[in-house]
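Each chain is listed here by its residues.
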Amino acid sequence: MSTWITKAVIPAAGLGTRFLPATKAMPKEMLPVVDKPAIQYVVEEAVAAGLSDVLMVTGRNKNALENHFDRMTELESLLEKKGDATRLAKVRESNELADVHYVRQGDPRGLGHAVLRARMHVGEEPFAVLLGDDIIDARDPLLSRMLSESGKRNASIVALMEVDPGSIHMYGAAAIETTDDPDVVRITGLVEKPSQADAPSNLAIIGRYVLRPEVFDVLEHTAPGKGNEIQLTDALQEMAVDVEGTGGVFGVIFRGRRYDTGDRLDYIKAIVQLAVERDDLGPELRPWLSEFVSTLNPEHPEQPVP
C-alpha cells in the first residue's frame, strides 16, 4: 500500500475510433468487460494500491463516465424495494470506490498533453498514471510494486513488458541498464513506436506510470512528436537523461497477466480470459468453449465441421 502517493490520473479523452460504431455515442472506457466497464477495473486497481484520489482527464461526450461513478438514487431505490441486495451492492460499488474528479482535455493533443492537464490537481506531488486500455489482473499486482520502487529510488517508474519484436512498433520501446534486481532496470532511452530495426529492445512500455512532478515542467516545453501529438514518451526520454534534475527513470518488468482492451480482437480475448476464471461463469463457459472449438473445421475455421 502507498502512504506517500495518493493521486492517480486516468486519461480518458480518446475517441475510440477502433470500436466504431459502438463508440459513436458511448465512451470506449465504458465498453463492458464481462459485466463491468473497462474503466472500473482501472479505478479498482488504483484503489487497491492505496490511491484514493482519482482524476479522470476526459473529453466531449464522456458524461457516461461521470454518471457511472456517481449515485443513481432511482435505481438504488428500485433495487432496495425488490430486496435485490446483490445487485444493489454492485451498483453502489462504483460510486463508493474513490474520490473521483474530472477535468477536460479540450483538444486531443496526445497523452503528454492529457497528463499536463492534471497539473493543477496534482500539484507538486508524485502521482500515478493508469491508461484505461490496459487491465492488469488483480492477482498480479503491478502498481503497488511501482509505487514502492518510486519511493525507494526517488525516481519516476514505468511499467515494461517483453513483447514479440515484430510488435514493438505498436509501443514505446526502452533502452535499459540492469540493476541488482532482475525485474527493475534503469532506463537510458525511450523511442515511441519504433520500427523493429530501430527498437533498442523488445521491452515495451505498457499503460502504468509513477511520475515525479518534474514531468510537468518537461511536458510544458515538449514539442509535438509522433502523430503531431505531445508524447509522454518524449518527456520521459528527457527525464531519463537528466538524472540530476529529475531523478531519472526506472522500469519495472511485468511478467503477469495483462488484458489489452484497446484492440477489438484483444478486447474479445480479455472478456473470454476473465470470464472463464470466474466462479459464476467459468464452470459453464469452459466446456462450452471446448465444444465450440471442436466443431470448427481446422482447414477453414470460419466453417463448421461437415
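A separate point is the packing of aromatic side chains. Counting across every chain of the model gives three aromatic pairs. With 5.4 Å between their ring centres and 80 degrees between their planes, Phe-19 and Tyr-267 make a pair best called edge-to-face. In this pair, Phe-19 sits in the loop between strand S1 (7-12) and strand S2 (32-33) while Tyr-267 sits in helix H11 (residues 264-276), placing the two residues 248 residues apart along the sequence. We classify Phe-19 as buried; its relative accessible area is 11%.

The complete set of buried residues in helix H7 (residues 143-153) reads Leu-143, Met-146, Leu-147, Glu-149 and Ser-150. Take H7 and look down its axis: the buried residues cluster within an arc of 165 degrees, on one side only. Residues of H7 that are buried in the fold lie against helix H1 (38-48), strand S6 (127-130), strand S8 (156-162), strand S10 (184-192), strand S11 (203-211) and strand S12 (249-253). One or two residues past the end of H7 sits Asn-154, with phi positive at roughly 50 degrees.

By the alternation rule, side chains of S6 split into Phe-127 and Val-129 and Ala-128 and Leu-130, which are all buried. Here S1 runs beside S6; their pairing, made up of two bridges, is parallel. Looking across to S6, one finds that Ala-8 is bridged to Ala-128. Pairing of S6 with S11, which is carried by four bridges, proceeds in the antiparallel orientation. Considered in S11, the bridge of Leu-130 is made with Arg-208.

In this structure, the second largest pocket spans a volume of roughly 470 Å³. Surrounding the second largest pocket, 21 residues form its lining, Tyr-41, Ile-136, Asp-137, Ala-138 and Arg-139 being those nearest its centre. Those elements that provide at least two residues to the lining of the second largest pocket are H1, strand S7 (134-136) and H7. Class assignment of the residues belonging to the lining of the second largest pocket gives a composition of twelve nonpolar, one polar and eight charged.

Basis of the calculations
Residues numbered from 1 in each chain as written. Predicted model: local features only at pLDDT ≥ 70, side-chain atom pairs only at ≥ 80, totals over all residues. Heavy atoms only, no water. Phe/Tyr/Trp six-rings, centres within 6.5 Å; stacked < 30°, edge-to-face > 60°. Helix = DSSP H or I, 4+ residues; strand = E, 2+ residues; numbered from the N terminus. Buried < 20%, exposed > 50% of the residue type's maximum accessible area, 1.4 Å probe, protein only. Arc of directions from axis to C-beta. Contact = heavy atoms within 4.5 Å. Pairing = 2+ DSSP bridges. 1 Å grid on protein atoms, 1.4 Å probe; cavity = no way out; pocket = protein on both sides within 12 Å on 5 of 7 lines; lining within 4 Å. Points joined across faces, edges and corners; volume = space filled by probe spheres on them. Nonpolar A, V, L, I, M, F, W, Y, C, P; charged D, E, K, R; others polar.

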